[in-house]
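# Commentary on secondary and tertiary structure
As a plain string of letters, each chain reads:
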Amino acid sequence: MSSFKSTWQLALVLFLSACSDAGFLAFQSENCQISVGQSCQASFRGGKFEWRLEGENLAGSEFYLVVFNNSELRHEDLSRDSFLVQSQPSSAPLHPEEARLTHRVRARSVSFASNHYLHFNLPGPANIFGPSFNTSFYIPDPQDYGSLDPNSGERTNWFVRESNNIQTRGRKLPMEPIYEVSGSLRAHLTGELLPEDIPSNAAARQTIINRYLDGVECAHQEIQWMKEVLGPLKPRGKTGIDLLIIPFEKPGVLGMFQHLDRFSHFRGQPLIDSNFAQTLYVSSALFRSQNFPRREQQFCSTSVHEYQHAYNFDRKVLEKRSSFDYRDMSGLRMESSGINEAKSHHYEELSERYQEVFKHRLSFLRNPMGTTLAHELATDNSNDFRSRGINILLLDFVHARNASRLRRDDTRTLNTLKGLIDSPEVGIRNIANHFNEREFEFLSQFFRSWILALHSLEGVRNFTPPLEQEGGNTQGIHILDRFAAAEEIPFVVSPYFHPLEADIPLLQSSQTQNLRASGIAVYRFILPGHVSSEPRISVSTRGAPFLTQIIRTQ
């Protein structure tokens, strides 16, 4: 043991020995000549990659290390890739004044609360049907499109049904139509929402139905706008959209598009689980809130969210298939769901109806460590929100680079989003192609802009479009000045974010981290005022491809 100069060298040997039967893997070392606001980035696969930091006035300067797991999403493998990060020397602690300010800012950070909302009484042709028009719809069950990790017990919800069993395992619910515009939209309530004894009392029944109609009419208006902006869905079975208002069993689920409904067959056999229609599902819970008018608006924006999913599926999946197999669900190749979710959330905001998309951005910005861009791997609510947040910010960054605003009257915004949907590419490659860049180049610019946005108002302008607010509707997020005194900020209220809310750990001499595919880790490194040797930061991994980036902020 005495032959090792320090414990971090011993940790490296043990780590690499565990990673490879051959012991030490490949070693790469590069100089990072870096000034404030600049970055060094590299891509490598396996072994140890070391940065040697160089530049003027390094003593007391600050850096961030971003590590990105660039592995492909593997549906059959839910494992994580580990890496060891080391620094020589360890980061210095926070300056006492910053530590005090950080404590005060986080103590003043509160959840969004507003009594302001928009409420529209929209005219529209509505036909109220009697109970004799009841029909049944299949409500997809999570068993139809999920996989279970036998080791951890974690469920991952995919968009591709994995079972060969085409028998119904969900439930058929009686649905009563309450609204119809011929060839455009039909809205239905479940029997659970219209109890059996209600039809005998026409006034009581109409009272229940009226509770939903303003939201449904709003949804119809916004779906018509989506058709004008994007285009109509490809007809499958019945024409027009069936909007099913159902009580979701999973708390927090506001809506769903299920691709199963777009097909009549699976591997040549009748797919009896399918509604074979253009079906969107929205939660009835949105109408049970005490702040009902605001939730009515969220029902409306959620319908827009799900329409984007349906249209995106048509463009990214169905149109890549030959016409003869449009009806059969076999062999689907889906788009990565993270970017897909981000596009839906942006259209929620553009609907100019109430929504809470800013909460996802805040979830990531406050706690970025371990977030994955692959939304399929976000298996609990906390990771779900953070994964949505980073993907939404990726599109925010696209709009910032295009000098566009998050407004429905901004043609640049609309054209960019439609172009990303209509493009045959998917995921990060699709966004990078928008700027004629490689994925690595685009991600490096995004990470650099994100970190710099935490340190300067100029960085904020280069990272996200300005916040748009009108009444209770919010589009985007506002990042505050990092160096403003806490006394100047009575409370940090959503959708406002103070950079000192970000929970980013200081870089220690040696630490390990596990990341899933498309996962990120970020560390802050404050160089001590007196450095006796050349500062070095290294990342050691197994054979998985990783991106590593050093960003200097001070």
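Residues numbered from 1 in each chain as written. Predicted model: local features only at pLDDT ≥ 70, side-chain atom pairs only at ≥ 80, totals over all residues. Heavy atoms only, no water.

## Things to note about the pattern of salt bridges
This is how the line gets drawn: Every case where a carboxyl oxygen of Asp or Glu lies within 4 Å of a side-chain nitrogen of Lys or Arg is listed as a salt bridge. Numbering goes from the N terminus for both helices and strands, where a helix is a DSSP run of H or I of at least four residues and a strand is a run of E of at least two. Think of it in three bands: with a 1.4 Å probe and only protein chains considered, a residue is buried below 20% of the maximum accessible area for its type, exposed above 50%, and partly exposed in between.
Inspection of the entire model under this criterion finds 29 salt bridges. Salt-bridge contacts for Glu 62 lead to Arg 524; the nearest nitrogen and oxygen are separated by 2.7 Å. One end of the pair, Glu 62, is in strand E3 (residues 62-69); the other, Arg 524, is in strand E22 (residues 520-526), with 462 residues separating them in the sequence. Each member of the pair, Glu 62 as well as Arg 524, is classed as buried. Salt-bridge contacts for Glu 319 lead to Arg 315; the nearest nitrogen and oxygen are separated by 2.7 Å. For Glu 319, a relative accessible area of 30% corresponds to the partly exposed category. Among the residues examined, Arg 315 registers a relative accessible area of 24% and is labelled partly exposed.

## Remarks on the environment of Leu 230
Under the convention used in this document: A contact between two residues is defined here by any heavy atoms of the two lying within 4.5 Å.
Structurally, Leu 230 can be placed in the loop between helix H3 (202-229) and strand E11 (241-246). Along the primary structure Leu 230 and Gly 419 are separated by 189 residues, whereas in three dimensions their C-alpha atoms are 9.6 Å apart. When near neighbours in sequence (up to four residues on either side) are disregarded, Leu 230 contacts Tyr 311, Tyr 347, Lys 418 and Ile 421.

## Focus: the packing of aromatic side chains
Threshold: Between 30 and 60 degrees the pair is tilted, below 30 it is stacked and above 60 it is edge-to-face, where a pair is any two Phe, Tyr or Trp rings, Trp via its six-membered ring, whose centres lie within 6.5 Å. Each ring is checked for a lysine NZ or an arginine CZ that lies within 6 Å of its centre and within 35 degrees of its normal; such an atom marks a charge sitting over the ring.
On inspection of all chains with the given rule, the structure shows 14 aromatic pairs. Taken together, a centroid distance of 6.2 Å and an interplanar angle of 35° make the contact between Phe 63 and Phe 525 tilted. Pair noted here: Phe 63 is in strand E3 and Phe 525 is in strand E22, with a separation of 462 residues, a long-range link. Here the two residues Phe 63 and Phe 525 agree in accessibility, since each one is buried. Centroid distance Phe 263 to Phe 313: 6.1 Å. Interplanar angle 85°. Geometry classified as edge-to-face. Taken together, the positions of Phe 263 in the loop between strand E12 (255-256) and strand E13 (265-266) and Phe 313 in helix H4 (residues 292-316) put the pair 50 residues apart, joining distant regions of the chain. The same class applies to Phe 263 as to Phe 313, namely buried. Three or more aromatic residues link up through ring pairs in this structure, and these residues are Phe 68, Phe 397, Phe 435, Phe 442, Phe 446, Phe 447 and Phe 463. Sitting over the face of the ring of Trp 225, Arg 408 holds its NZ or CZ atom 3.9 Å from the ring centroid.

Functional significance is not addressed by these values, which are geometric in nature.
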